[in-house]
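These are the residues of each chain, in order.
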Amino acid sequence: TVLTTLVDGVLMLTLNRPEKLNSFNEEMHLALRAGIERAHSDTSVRAVLLTGSGRGFCAGQDLGDRDPRKGGPAPDLGHTLDTFYNPTLRLIRNLQKPVVCAVNGVAAGAGANLAFACDIVLAAKSAKFIQAFAKIGLVPDAGGTWSLARILGEPRAKALALTAEPLMAEKAADWGLIWKAVEDDALMAEAEALAAQLASGPTVGLGLTKHLIQAAATNSLDEQLDLERDCQRKAGRSRDYAEGVTAFLEKRKPEFVGE
Ligand code: LHQ
C-alpha cells in the first residue's frame, strides 16, 4: 500500500491505493509509519519525498472501513488517532531531515493535513485541498486545526474547516499553506529535483534548521536566540560545515556527506 524506493539519499514513499484515492486503511497507516521510521534510523536516507499514485494524493480515512449501516457500537476515533495518525504526524515533524510532499491530486480530510505537516509542499495546479470532515460530522484532525490556524489565521481556517470548500493549489500557495503550485506534468520532476537537492545537502544543518523553525512557534525571542546558539554550535561541529567553507574558499561545489 506504500511503494518505497531509495535513490541517492531520497526515500520516496508513494501512497498506493489509487482505486480509493489512496485513503488510509490500517495497512497503509502502518506502511507509511514504517517508511518514516526508516527515514529516522537509516543514515543513508537524507530526504523524504511523499506522494500518491493515480489521480489523487490521499482522501483521508477509508470511510468504507467502518460502515455504520452494519451496526455495532460507535467506533472510538480518538483511539484511531492515537494509534495511527498522530504517531505518524509526530514522526514527520520530529524527523531531522527534510520531507518534501508532492500533492499530485485531491487531498481530502486527513490527507490534506498530512500534506501540511510536511516541510516543503508542491502541488499540481489541478490538485485541491478539502477539509472534508465537516461533511461527515467530524472535526479536522491529523494536525489540521493547528496548521490551518497557525498558517492562515482564524478567518480562513474557520471558513475552510466549517464549509469543507475545496481550496485549489494555486490559492493554497497564495495563502502560504504550501510552497508552490506547479503545472501537473512538471510536478514529479520538480519535486524529485528538490528532494535530490535536499538529499545532497548538509543534512545536520538542514535538520537543525527544520527543528529551529518549528520551535519558533512556541518560543520567545530570548529562548529562540538561545536555541539558535545551541543548534549553530552543533552545526559548526559537522563535517559538512567544514566542507562547505572549504569548498567556498576553493571556489568549487561542496560535496556534503550528511554528517
Ligand atoms: C474513498 C474515499 C474515502 C473510501 C474516495 N474512503 N473510499 C476519520 C475517521 C477516523 C479516524 C480519524 O480520522 C479520520 C480522518 C479523515 O480523514 S475523515 C475524512 C475522510 N475523507 C473524506 O471524507 C473524503 C471522502 N471523499 C471525497 O469526498 C471524494 O472522494 C473526493 C472529494 C476526495 C474526490 O472526489 P472525486 O474526484 O469525485 O472522486 P470519487 O468520490 O468518485 O472517488 C473515487 C473513488 O475513491 C470512489 O470509489 P468508486 O468505487 O465509487 O470508484 C470513492 O468511493 C473512493 N473514495 N475517498 N475516504
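This text goes with the structure placed above it.
This text gives an overview of the structure that appears in the document. (Residues numbered from 1 in each chain as written. Predicted model: local features only at pLDDT ≥ 70, side-chain atom pairs only at ≥ 80, totals over all residues. Heavy atoms only, no water.)

## Regarding the sheet that holds strand S4 (residues 56–58)
Now for step 1: Pairing within the open sheet is mixed, and its four strands lie in the order S4-S6-S8-S9. With one partner strand each, in any of the chains shown, S4 and strand S9 (167–168) form the two edges of the open sheet.
Now for step 2: In this sheet, S9 lies alongside strand S8 (residues 128–130) in antiparallel orientation, the contact comprising two bridges. Within S9, the residue paired with phenylalanine 129 across the bridge is leucine 167. (Pairing = 2+ DSSP bridges. Helix = DSSP H or I, 4+ residues; strand = E, 2+ residues; numbered from the N terminus.)

## Some details on the pattern of salt bridges
Now for step 1: If you walk through the whole model with that rule in mind, you get 14 salt bridges.
Now for step 2: The shortest N-O distance in the salt bridge between lysine 210 and aspartate 119 comes to 2.8 Å. Of this pair, lysine 210 sits in helix H8 (residues 203–215) while aspartate 119 sits in the loop between helix H3 (110–116) and strand S7 (120–124), and the two are 91 residues apart along the sequence.
Now for step 3: Among the ionic contacts, a cluster of salt bridges with common partners joins Asp226, Arg229, Asp230 and Arg233. (Salt bridge = Lys/Arg side-chain N within 4 Å of Asp/Glu carboxyl O.)

## Regarding the sheet that holds strand S10 (residues 180–182)
Now for step 1: Pairing is mixed in the open sheet, where six strands are placed in the order S1-S2-S3-S5-S7-S10. Looking along the sheet, the strands with just one partner apiece sit at the ends: strand S1 (2–7) and S10. Within the sheet, the average angular offset between the axes of one strand and its neighbour, ignoring direction, is 20°.
Now for step 2: Sheet topology places strand S3 (residues 47–52) next to strand S5 (residues 99–103); four bridges connect them, and they run parallel. Each residue of the ladder has a partner; that of threonine 51, found in S5, is alanine 102. (Axes fitted to C-alpha atoms, helices over the stretch in contact; angles between N-to-C directions.)

## Focus: the environment of threonine 1
Now for step 1: Note on placement: threonine 1 falls in the segment before S1.
Now for step 2: Contact partners of threonine 1, with chain neighbours within four places excluded, come to Thr14, Leu15, Asn16, Arg17, Asn25, Glu27, Met28 and Ala31. (Contact = heavy atoms within 4.5 Å.)

## Looking at the environment of aspartate 8
Now for step 1: Relative to the helices and strands, aspartate 8 is located in the loop between S1 and strand S2 (10–15).
Now for step 2: Sequence spacing of aspartate 8 and alanine 127 is 119 residues, and the spatial spacing of their C-alpha atoms is 28 Å.

## Observations concerning the pairing of S2
Now for step 1: Most of S2 is tucked away: six of the six residues are buried.
Now for step 2: Neither face of S2 is exposed, since Val10, Met12 and Thr14 on one face and Leu11, Leu13 and Leu15 on the opposite face are all buried.
Now for step 3: Bridging between S1 and S2 involves six bridges; their strand directions are antiparallel. Within S2, the residue paired with valine 2 across the bridge is leucine 15.
Now for step 4: Where S1 folds back onto S2 in an antiparallel hairpin, the turn is made up of two residues, including aspartate 8, whose phi is positive at roughly 50°.
Now for step 5: In terms of strand pairing, S2 meets S3 through six bridges, oriented parallel. Bridged to leucine 13 within S3 is leucine 50.
Now for step 6: You can see the chain leave S2, run along helix H1 (residues 26–41) and come back into S3, and the turn it takes is right-handed. (Buried < 20%, exposed > 50% of the residue type's maximum accessible area, 1.4 Å probe, protein only. Right-handed = clockwise from strand over helix to strand, strands pointing away.)

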